[in-house]
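Listed below are the residues making up each chain.
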Amino acid sequence: MDDDVAKTWADARNKIDRLRDGALVKIEALGKSDDLEKTRIEFLGKKSYIMGLIKLLGRLSAEERPEAGAKLNAIRTEIEVAIETKKKWLQHVEQDQILQNENFDISLPSRLLGKGHFHPVAEVMDDLIEIFVELGFMVEEGPEVETDEFNFKMLNFPDDHPARDMQDTFYIGNGTRLMRTHTSPVQIHAMKKYQPPMSVIAPGRVYRCDSDVTHSPVFHQLEGFYIDKNVNFGHLKGTLELFVRHLYGDGVEVRFRPSFFPFTEPSAEIDISCVLCHGGGCRVCKETGWLEILGAGMIDPNVLSVMDINPEKWTGFAFGLGIERIAMLKYGIDDIRLLYENNIGFLQQF
Ligand code: FA5
């Protein structure tokens with residue numbers, strides 16, 4: 001053993017207990033994991049005083065080496081354990097701080113998820129179907145793409161009827177097919193399928209070249225018809241009045257106006273007093289105080305004959321109402337176009 005090594009160890013013996021105490025106090029006072037790593041390097045890193053002494057062990061005398069080895073190992077273990085314990089503690093504290101900074105309050109009620117609901121047009125359609133099904137009508141559907149034969153010809157429309165005009169009807173391709181302009185062709189489909197007596201409703205989408213505050217190019221109708229023995233205009237009037245009262249209550253007035261449809265005779269248009277202005281006049285009722293909601297009449301004997309139903313034996317009434325008009329009056333909507341703009345703020349009101 002050289003003298004320098006003996007001197008260094010003699011010097012260290014007096015120092016290392018204090019060094020260990022200093023290290024333990026420093027570790028205890030640390031507040032961050034980063035600083036802990038720096039402290040480990042300072043006391044136990046390759047270039048640290050303690051590791052320098054451990055490297056010298058091999059050069060100590062055989063008498064001194066065991067005591068020095070045991071001492072240095074004990075100090076190294078003490079500092080390592082202190083660092084490990086502190087490390088776990090700091091990880092705990094730092095996780096707590098992250099949670100606190102996140103402002104995570106588990107007692108807060110969760111955010112309410114918005115519930116959807118039916119569109120007002122679908123809502124009114126369902127209400128009407130329910131009313132008529134309760135009255136004993138069955139539901140039939142027909143195609144939206146029709147032929148001239150079903151949409152016009154078999155419904156007794158003359159060849160030169162203005163509804164056949166390109167301005168009213170959306171024709172498809174070379175003009176042999178068209179988008180149905182009303183739900184009345186379902187009368188023909190049903191008469192082909194069933195024998196009287198029959199009471200049928202046909203809800204569905206229809207198409208016309210039409211657009212303003214009360215007219216839309218795509219809208220919905222509900223067709224209804226009843227064929228039986230001795231059906232008369234009184235049955236039609238009673239049925240329609242009943243459904244208007246059901247929908248709007250007793251405060252609404254119903255008016256039958258003589259009209260014309262090629263497939264009914266006599267024909268009528270039915271207006272109700274405008275529920276928006278209560279008859280005073282507004283832009284929806286075009287200042288008249290009344291709004292037309294449906295067309296109706298007794299099924300023309302010509303239509304029954306074409307369908308091989310004997311008009312001497314069977315008679316029937318039919319009506320076709322506009323669903324959007326009914327929805328506008330029910331919910332106080334003053335422009336039909338609002339129903340199709342998909343504005344969430346508007347739709348959430350219903
Ligand atoms: C018809 O469509 C006949 N098929 C109704 C009918 C059926 C009469 C059975 C007799 C027997 P009209 O064109 O009047 O009739 O339309 C019926 C209803 O649809 C109108 O009263 C109105 O409420 C609604 N309507 C008509 N055009 C539009 C449109 N462009 N936009 C929204 N609603 C409309």
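What counts, and where the lines are drawn
- Residues numbered from 1 in each chain as written.
- Predicted model: local features only at pLDDT ≥ 70, side-chain atom pairs only at ≥ 80, totals over all residues.
- Heavy atoms only, no water.
- Core = buried A, V, L, I, M, F, W, Y, C linked by side-chain atoms within 4.5 Å.
- Buried < 20%, exposed > 50% of the residue type's maximum accessible area, 1.4 Å probe, protein only.
- Helix = DSSP H or I, 4+ residues; strand = E, 2+ residues; numbered from the N terminus.
- Contact = heavy atoms within 4.5 Å.
- Polar contact = N/O pair within 3.5 Å; in protein donor to acceptor, adjacent residues only side chain to side chain.
- Pairing = 2+ DSSP bridges.
- Phe/Tyr/Trp six-rings, centres within 6.5 Å; stacked < 30°, edge-to-face > 60°.
- Lys NZ or Arg CZ within 6 Å of the ring centre and 35° of its normal.
- Domains from an automatic or database assignment.
- Patch = residues over 30% accessible without salt bridge, like charges linked within 9 Å, V, L, I, M, F, W, Y side chains within 5 Å.
- Areas by Shrake-Rupley, 256 points an atom, 1.4 Å probe, with all protein chains shown as cover.
- Salt bridge = Lys/Arg side-chain N within 4 Å of Asp/Glu carboxyl O.
- Lys, Arg positive; Asp, Glu negative; His and termini not counted.
- Charge placed at Lys NZ, Arg CZ, Asp CG, Glu CD.
- Axes fitted to C-alpha atoms, helices over the stretch in contact; angles between N-to-C directions.
- Parallel < 35°, antiparallel > 145°, perpendicular 65-115°, else oblique.
- Nonpolar A, V, L, I, M, F, W, Y, C, P; charged D, E, K, R; others polar.

## Description of the nonpolar core
- Counting 45 residues, the largest nonpolar core has Leu222, Phe243, Leu294, Phe319 and Leu321 as the members making the most contacts within it.
- Among the secondary structure elements, those contributing two or more residues to this core are helix 5 (120-134), helix 8 (233-248), strand 8 (264-273), strand 9 (290-299), strand 10 (315-322), helix 10 (323-331) and helix 11 (344-347).
- Ranked by residues supplied to this core, first place goes to helix 5 with seven residues.
- The contacts of Leu294, once residues within four sequence positions are left out, are Leu240, Phe243, Ala268, Glu269, Ile270, Phe319, Gly320 and Leu321.
- In this structure, Leu30, Ile50, Ala68 and Ile79 belong to the second largest nonpolar core, which totals 23 residues.

## Topic: the side chain of Asp335
- Of note, Asp335 is situated in the loop between helix 10 and helix 11.
- Accessibility expressed as a relative area gives 12% for Asp335, which makes it buried.
- One polar contact links the side chain of Asp335 to the main-chain amide nitrogen of Arg337, over a distance of 3.0 Å.
- When neighbours within four sequence positions are excluded, Asp335 is seen to be in contact with Asp212, Val213, Arg283 and Met328.

## Quick word on the sheet that holds strand 5 (residues 198-207)
- Pairing is mixed across the open sheet formed by seven strands, whose spatial order is 1-5-6-10-9-8-7. Every interior strand has two partners, whereas the edge strands, strand 1 (138-139) and strand 7 (254-261), have only one.
- Here strand 6 (residues 218-228) runs beside strand 10; their pairing, made up of eight bridges, is antiparallel. Bridge assignment links Ile227 to a residue of strand 10, and that residue is Gly316.

## A closer look at the packing of aromatic side chains
- Summed over all chains, the structure comprises eleven aromatic pairs.
- Three or more aromatic residues link up through ring pairs in this structure, and these residues are Phe132, Phe137, Tyr226, Phe243, Phe317 and Phe319.
- The aromatic ring of Phe256 is capped on one face by Lys237, whose charged end is 5.5 Å from the ring centroid.

## Topic: the domain arrangement of the chain
- Per the domain assignment, the segments making up the chain are domain 1 (3-101) and domain 2 (120-347).
- Just the C-alpha atoms count here: the centres of domain 1 and domain 2 sit 94 Å apart.

## Quick notes on a negative patch on the surface
- A surface patch of negative charge is lined by Glu123, Asp126, Glu130 and Glu134.
- Structurally, the position occupied by Glu130 is in helix 5.

## Notes on the packing of helix 5 against helix 10
- Their axes nearest at 9 Å, the elements helix 5 and helix 10 cross at an angle of 100°. Judged on the interaxial angle alone, helix 10 and helix 5 are roughly perpendicular. Contacts from Pro120, Val121, Glu123, Val124, Met125, Asp127 and Leu128 in helix 5 reach Ile323, Glu324, Ile326, Ala327, Lys330 and Tyr331 in helix 10.
- In the contact of helix 5 with helix 10, the residues fall into nine nonpolar, no polar and four charged.

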